[in-house]
Amino acid sequence: MFLIDKDYQYIPVLSISRAEMKALEELPEKDKDNLLPLFPLKGWASAKTLDKALARIKTSFGNRRFIADIDSDFLVRAYSEVAVKDEPREVFKEIIELANSDNGYDNWYQFIKQFEHIHPCVQLNDLSQVNSQVKKLRSLGRRICVYLKLNEVNTKQLVSQLDELEKTDLGDALFVIDFGDITHSYEASLQGYAHIVEMIHAKFPQCYLAVSATSFPYGFSGQNDGEASIYERQLYQKISDLLGSDEIVYSDRGSARAGKLAGGSGTPPPRIDYACKTEWRFIREEFDDSSDIGEGEKAELYSQIAQEMMDQDYWIEELSL
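The shown structure was predicted, so the numbers you read here are calculated from the model rather than taken from an experiment.

Looking at this model, I keep getting lost on the sheet that holds strand 8 (residues 208-214). Mind explaining?
Strand pairing in a sheet is mediated by backbone hydrogen bonds. Such pairs are either parallel or antiparallel. Here we have four strands laid out as an open sheet, ordered 6-7-8-10, and parallel in their pairing. Edge positions in the sheet fall to strand 6 (145-149) and strand 10 (249-252), since each of these pairs with one other strand and no more. Here the average twist between neighbouring strands, direction ignored, is 20 degrees. Sitting on the sheet, helix 10 (residues 231-242) touches strand 7 (174-181), strand 8 and strand 10, and the angle it makes with strand 10 is about 155 degrees.

Okay, structure coming up:
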């Protein structure tokens, strides 16, 4: 398995958002010890500076090791905000500075250098600076990460990234191979997915691999009690079986989805999700009138759902959740 000081069996990709940071904070400490999360760095809520995001991670996760990248969506937003606003938030400027590729992404290197518990992702937007960047990051004496977001690049771009990385000394880096959103039809692409993983392993045999994806539904409208298969878990297992390897690490999205939800910002109907081994079970209840939610109605519905879920056959009482 992927070793730093110990085995890490799960590498979740976590967003620096209120919901995910609160969920991580409430996780039992013994379970946090088994995680090596990957945080794409961005501004925390409406905070003006990036240090607030790091402080929020510390509140949720303590001083444990984690992987850091630059949030690509937030970076696009930062460029836009700086271009159109006279006084954009400082955090937008900070993110843009971190993404500056000059001198082997020196700003990114200097930033990471300050935090001994952070394992950096190699920035791949400017391939001409990858080799010098890898040398700098490797000089820190930490395992580095290559986060391949396959939903953001085409095949030609991926091959170019891998070709450039082959020219570097990655050491025993970790590759997180993220296939983004997948559906029940993922099996039609399974051989292609496995080929990508096998190709990366062949090019970088000394490196560790993690396979990531997400299949969580984008909507539950009209559904009250049901289940949704965890296809990312199935994908991981089938790739491991096809390659005859039990050393690929499992990864997925803490946010459950790779893309963003569209639509209004109204209060969503109360829903509780329960993860079993290969599927999500969920129970959901509608408000009497979503445009006029009564006092205490939301809490009452959550309590009702929780009791109903605890009465189901799939509920595992000894987990003490």
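In this structure, what is going on with the environment of Asp-102? I would like to understand it.
Within the fold, Asp-102 resides in helix 6 (residues 102-113). Through-space distance from the C-alpha of Asp-102 to that of Gln-133 is 9.7 Å; in sequence the pair is 31 residues apart.

How should the nonpolar core be read in this particular structure?
One recurring pattern in soluble globular proteins is that nonpolar side chains are buried together. With 67 residues, the main nonpolar core has Trp-108, Leu-165, Leu-170, Phe-175 and Phe-179 as its most contacted residues. Here Trp-108 is in contact with Leu-41, Ala-68, Asp-69, Ile-70, Leu-98, Pro-120, Cys-121, Gln-123, Gln-133 and Leu-137, once residues within four sequence places are set aside. Leu-36, Leu-38, Cys-145 and Leu-174 belong to the second largest nonpolar core, which has 13 residues in total.

Quick question: what am I supposed to make of the sheet that holds strand 3 (residues 38-41) here?
Taken in spatial order, the three strands of this open sheet run 3-4-5, and their pairing is parallel. Taken across any chain shown, the strands that pair with only one partner, and hence form the sheet edges, are strand 3 and strand 5 (118-120). Strand-to-strand twist across the sheet, computed as the mean angle between neighbouring axes with direction ignored, equals 35 degrees.

What should I look at first to understand the packing of helix 1 (residues 18-26) against helix 3 (residues 51-61) in this one?
The relative placement of two packed helices comes down to the angle between their axes together with the axis-to-axis distance. Their axes nearest at 7 Å, the elements helix 1 and helix 3 cross at an angle of 30 degrees. Comparing their axes, helix 3 and helix 1 come out roughly parallel. Contacts from Met-21, Lys-22, Leu-24 and Glu-25 in helix 1 reach Arg-56, Ile-57, Thr-59, Ser-60 and Phe-61 in helix 3. Taken together, the residues of the contact of helix 1 with helix 3 sort by class into four nonpolar, two polar and three charged.

What's the story with the packing of aromatic side chains in this structure? I'm lost.
How two aromatic rings sit relative to each other is set out by the distance from centre to centre and by the angle between their planes. Under the definition given, this model contains eleven aromatic pairs. Ring geometry for Phe-74 versus Phe-92: centroids 5.1 Å apart, planes at 25 degrees, classification stacked. You can see Phe-74 sitting in helix 4 (residues 72-84) and its partner Phe-92 sitting in helix 5 (residues 90-98), a full 18 residues away along the chain. In terms of burial, Phe-74 and Phe-92 fall into one category: buried. A centroid spacing of 4.4 Å and a plane angle of 45 degrees characterise the contact between Phe-179 and Tyr-193, whose relative ring orientation is tilted.

Calculation rules
- Residues numbered from 1 in each chain as written.
- Predicted model: local features only at pLDDT ≥ 70, side-chain atom pairs only at ≥ 80, totals over all residues.
- Heavy atoms only, no water.
- Pairing = 2+ DSSP bridges.
- Helix = DSSP H or I, 4+ residues; strand = E, 2+ residues; numbered from the N terminus.
- Axes fitted to C-alpha atoms, helices over the stretch in contact; angles between N-to-C directions.
- Contact = heavy atoms within 4.5 Å.
- Core = buried A, V, L, I, M, F, W, Y, C linked by side-chain atoms within 4.5 Å.
- Buried < 20%, exposed > 50% of the residue type's maximum accessible area, 1.4 Å probe, protein only.
- Parallel < 35°, antiparallel > 145°, perpendicular 65-115°, else oblique.
- Nonpolar A, V, L, I, M, F, W, Y, C, P; charged D, E, K, R; others polar.
- Phe/Tyr/Trp six-rings, centres within 6.5 Å; stacked < 30°, edge-to-face > 60°.

Distances and angles like these do not, on their own, reveal function.
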